[in-house]
Structure formats: C-alpha cells, structure tokens
Amino acid sequence: MPRHPERQLERISQPVAAELMKRSGIAVVVAGSIEQHGSHLPLGTDLFAALSIGERVAERLDTIVVTLGSVGIAHYHGGWAGSLTLKPETMITVFVDICEGLKDAGANRILVVNWHEGNSATMRIAADRAQMVHGVQVVVGESHIITNSLHPDEMEFTHSGAMETSAVLAYDASLVHLESLAEPSDREAGDEAHELFRRRDVYPIMRDFHDVAPTGWYGHPETATVARSEEIAEEVADHIVRRAKEVWDALGKVSH
Ligand SMILES: [Zn+2]
C-alpha cells in the first residue's frame with residue numbers, strides 16, 4: 001500500500017468527509033515540524049514523515065487525516081535560519097480548535113500521529129485540554145519512536161540520519177538530496193547527548209540543538225532505501241492502528 005494523499009481532509013469534498021467521520025467516529029491529526037535537517041533533508045522532514053504515516057493510518061481506519069499545520073515546537077533549532085516554531089500555547093489552541101470541528105463532524109476519537117520529540121510535551125497538554133473542553137478522546141501515536149523501536153539498528157534514533165531519511169523517502173524521494181550531504185556531527189557524542197534528554201527519570205529540557213549536534217545533524221542517511229522506507233512506513237501505520245484499537249477496546253466500545 002503506497003501513500004494515500006486522497007485521505008487528506010483538504011482534498012476531500014465536504015459530503016464525503018462528513019460521511020467518513022460520522023461513520024468511523026475517528027479523525028487522524030498529524031503533528032510535524034519545520035526545522036533544519038542538514039543540507040540533505042527538507043525543513044519539513046518531520047511534517048512529511050508524520051503525514052506519510054498519518055495517511056496510511058487514515059486509510060486503514062477508513063477516515064480522514066488533517067495536519068495541525070506545518071509548524072511544531074522547535075525553538076531549539078532557531079540557531080539555523082529557516083527553522084520555525086510555535087509557542088506551546090499556540091499549538092494547544094490550534095489543536096483544541098481543530099478538535100471542535102472534528103467532533104462536530106462526529107469524530108469523537110482523535111488519533112494523533114506525531115513525528116517530533118519537541119511536540120510531545122505540548123501535545124499531552126493539548127490533548128488533555130481538548131478532552132476536557134470538547135469531550136473528545138485523544139490517543140497519541142509517536143511514529144518516530146515506533147519506527148526506531150521496530151528496527152532499532154536500521155532506523156537509528158538520530159537527527160537527519162537513516163530513520164528520518166527513510167521517512168522522507170516514503171513520502172517523496174525527490175526531497176532527499178544525499179549528493180548535498182554536509183558534515184555530520186560525531187555519532188557517539190550525539191547519541192550520548194540526545195540520551196540525556198530522553199531519560200525518563202531525571203532529564204534536562206532542550207534549549208539549543210547545538211548541545212546534541214554542533215553541525216545540526218548526525219547519523220547515517222546513506223543507509224536508507226526507497227524500498228525499505230515504504231515497508232517500514234506500512235509497518236508503523238499497522239502498529240499505530242493495532243495499538244490504538246487496543247486502547248479503544250480497553251477504554252470503551254469501538255464505535256465503528
Ligand atoms: Zn526531524
């Protein structure tokens with residue numbers, strides 16, 4: 001199963017979209033980011049990665065996918081011009097407002113597909129707020145974490161390395177420019193620094209991505225391939241749908 005841009009809400013006529021949401025009771029919401037990814041990947045890497053998986057998830061659930069917009073929470077990439085960020089309160093407001101419309105269309109279950117670590121803390125608050133204000137039920141799928149967990153060695157949890165290159169290949173291979181590779185930062189130092197921010201017990205909050213990778217990126221983008229990228233995106237979509245259904249089954253009867 002390749003991509004499914006026809007699942008994007010913007011591309012669907014109103015009666016069809018309304019029917020899909022009413023019948024499934026579900027809407028998929030994508031959260032990405034516009035931030036530097038070296039000179040071989042586009043600024044929209046995280047958006048494209050999340051959208052490519054979000055479309056596949058929407059196809060499996062026979063519903064629509066809509067993005068929160070292109071921009072996420074990425075102020076710590078601000079040292080590289082062209083990176084953009086929302087304030088957390090902006091993202092919360094946008095998410096809550098979008099959930100109101102989705103709920104009005106009959107989608108009481110909101111399945112978020114996120115690809116950006118910087119969004120996660122804000123997404124939790126946004127989801128909590130939307131649940132309280134609009135009575136929807138939000139489930140969050142962290143697609144980058146899933147990709148890495150399914151294939152820890154192949155899909156390295158770096159920045160702009162094999163995992164993110166693969167994710168962009170699965171969206172649009174013409175956006176990957178390995179011929180323009182600039183100097184990576186040290187792999188071991190990057191892993192070590194990133195690990196601090198990913199601790200679950202005692203952890204710092206990211207202020208400047210230079211603390212992880214002085215050149216902005218690290219990893220092995222050259223190991224990603226188009227053929228594998230699509231297989232992996234499919235697996236990640238399957239995983240999100242299966243796990244979301246587990247949650248829905250556990251927390252109440254699935255409405256479709
Ligand atoms: Zn990224």
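Scroll up a little and you will see the structure.
Reference values for coordination geometry: four tetrahedral donors around a metal ideally subtend 109.5 degrees, six octahedral donors ideally subtend 90 or 180 degrees. The protein atoms that coordinate the zinc ion are His-37 (NE2), Asp-46 (OD), Glu-164 (OE) and Glu-164 (OE), at distances of 2.0 to 2.8 Å. Every donor counted, the four donor atoms about the zinc ion form angles of 51 to 142° at the centre, which fits irregular coordination. If you list the donors of the zinc ion from N- to C-terminus, the spacing comes out as H-x8-D-x117-E. Judged by relative accessible area, which is 2%, Asp-46 ranks as buried.

In terms of burial, strand β4 (residues 137-142) is largely enclosed, as five of its six residues are buried. Sheet topology places strand β3 (residues 109-114) next to β4; six bridges connect them, and they run parallel. If you follow Val-113 over to β4, its bridge partner there is Gly-141. Chirality of the crossover, the property in question, places the unit of β3, helix α4 (residues 117-134) and β4 among those that are right-handed.

This paragraph deals with the packing of helix α6 (residues 162-172) against helix α8 (residues 226-251). Here α6 crosses α8 at 90°, and the two axes come no closer than 8 Å. Put simply, α6 runs roughly perpendicular to α8. For the pair formed by α6 and α8, the contact residues are Ser-166, Leu-169 and Ala-170 on the first element and Val-226, Ser-229, Glu-230, Ile-232 and Ala-233 on the second.

Here we come to the pattern of salt bridges. Applying the stated rule across the entire model yields 15 salt bridges. For Asp-62, the salt bridge goes to Arg-7, with nearest N and O atoms at 3.1 Å. Of this pair, Asp-62 sits in the loop between α2 (45-60) and β2 (65-67) while Arg-7 sits in the segment before α1 (14-24), placing them 55 residues apart in sequence. In this structure Asp-62 comes out as partly exposed when scored by relative accessible area, which is 32%. The closest approach of N and O atoms between Arg-23 and Glu-19, which form a salt bridge, is 3.7 Å.

We now examine unusual backbone geometry. A positive phi angle, close to 50°, is found at Asp-62, a residue other than glycine. Phi is positive for Ser-160, which is not a glycine, with a value near 75°. Position of Ser-160 relative to the elements: it lies in the loop between α5 (143-150) and α6. Look at Ser-160 and you get buried, because its relative accessible area is 0%.

The subject of this paragraph is helix α7 (residues 187-198). In this model, α7 (12 residues) spans 16 Å end to end at C-alpha, consistent with the 16 Å of a helix rising 1.5 Å per residue. Listing the buried residues of α7 in full gives Gly-190, Ala-193, His-194 and Arg-198. Seen end-on, α7 carries its buried residues on one side only, within an arc spanning 145°. More than 90 degrees from the buried face of α7, the exposed residues found are Glu-188 and Glu-192. Lining the buried residues of α7 we find α4. Looking at where α7 begins, the residue whose side-chain oxygen comes 3.3 Å from the main-chain nitrogen of Glu-188 is Asp-186.

It is worth spelling out the sheet that holds β4 at this point. Spatially, four strands are ordered β2-β1-β3-β4 in an open sheet, and the strand pairing comes out parallel. Two strands lie at the open edges of the sheet, namely β2 and β4, each paired on one side alone. Taken over all neighbouring pairs, the strand axes of this sheet differ in orientation by 25° on average, direction set aside. Of the strands in this sheet, β3 and β4 touch α5, which is tilted by about 45° from β4.

Where burial is concerned, most of strand β1 (residues 26-31) is hidden: six out of the six residues are buried. Pairing of β1 with β3 involves six bridges; the strand directions are parallel. Counterpart to Val-28 in the pairing with β3 is Leu-111. With α2 bridging β1 and its parallel neighbour β2, the resulting β-α-β unit is right-handed.

Our focus in this paragraph is the packing of aromatic side chains. Each aromatic ring pair is characterised by the separation of its centres together with the angle its planes make. Under the definition given, this model contains one aromatic pair. Note on Phe-48 and Tyr-171: the rings are 4.5 Å apart at their centroids and 10° apart in plane angle, and the pair reads as stacked. One end of the pair, Phe-48, is in helix α2; the other, Tyr-171, is in helix α6, and 123 residues separate them in sequence. Per residue, the accessibility class of Phe-48 equals that of Tyr-171, and both read buried. Taking NZ or CZ as reference, Arg-198 lies 3.6 Å from the ring centre of Phe-157, over its face.

Cut-offs applied
- Residues numbered from 1 in each chain as written.
- Predicted model: local features only at pLDDT ≥ 70, side-chain atom pairs only at ≥ 80, totals over all residues.
- Heavy atoms only, no water.
- Donors = N, O, S within 2.8 Å, 3.2 Å for Na, K, Ca; no water.
- Tetrahedral: all angles 85-135°; square planar, octahedral: opposite > 155°, others 65-115°.
- Buried < 20%, exposed > 50% of the residue type's maximum accessible area, 1.4 Å probe, protein only.
- Helix = DSSP H or I, 4+ residues; strand = E, 2+ residues; numbered from the N terminus.
- Pairing = 2+ DSSP bridges.
- Right-handed = clockwise from strand over helix to strand, strands pointing away.
- Axes fitted to C-alpha atoms, helices over the stretch in contact; angles between N-to-C directions.
- Parallel < 35°, antiparallel > 145°, perpendicular 65-115°, else oblique.
- Contact = heavy atoms within 4.5 Å.
- Salt bridge = Lys/Arg side-chain N within 4 Å of Asp/Glu carboxyl O.
- Expected span 1.5 Å × (residues − 1).
- Arc of directions from axis to C-beta.
- Polar contact = N/O pair within 3.5 Å; in protein donor to acceptor, adjacent residues only side chain to side chain.
- Phe/Tyr/Trp six-rings, centres within 6.5 Å; stacked < 30°, edge-to-face > 60°.
- Lys NZ or Arg CZ within 6 Å of the ring centre and 35° of its normal.

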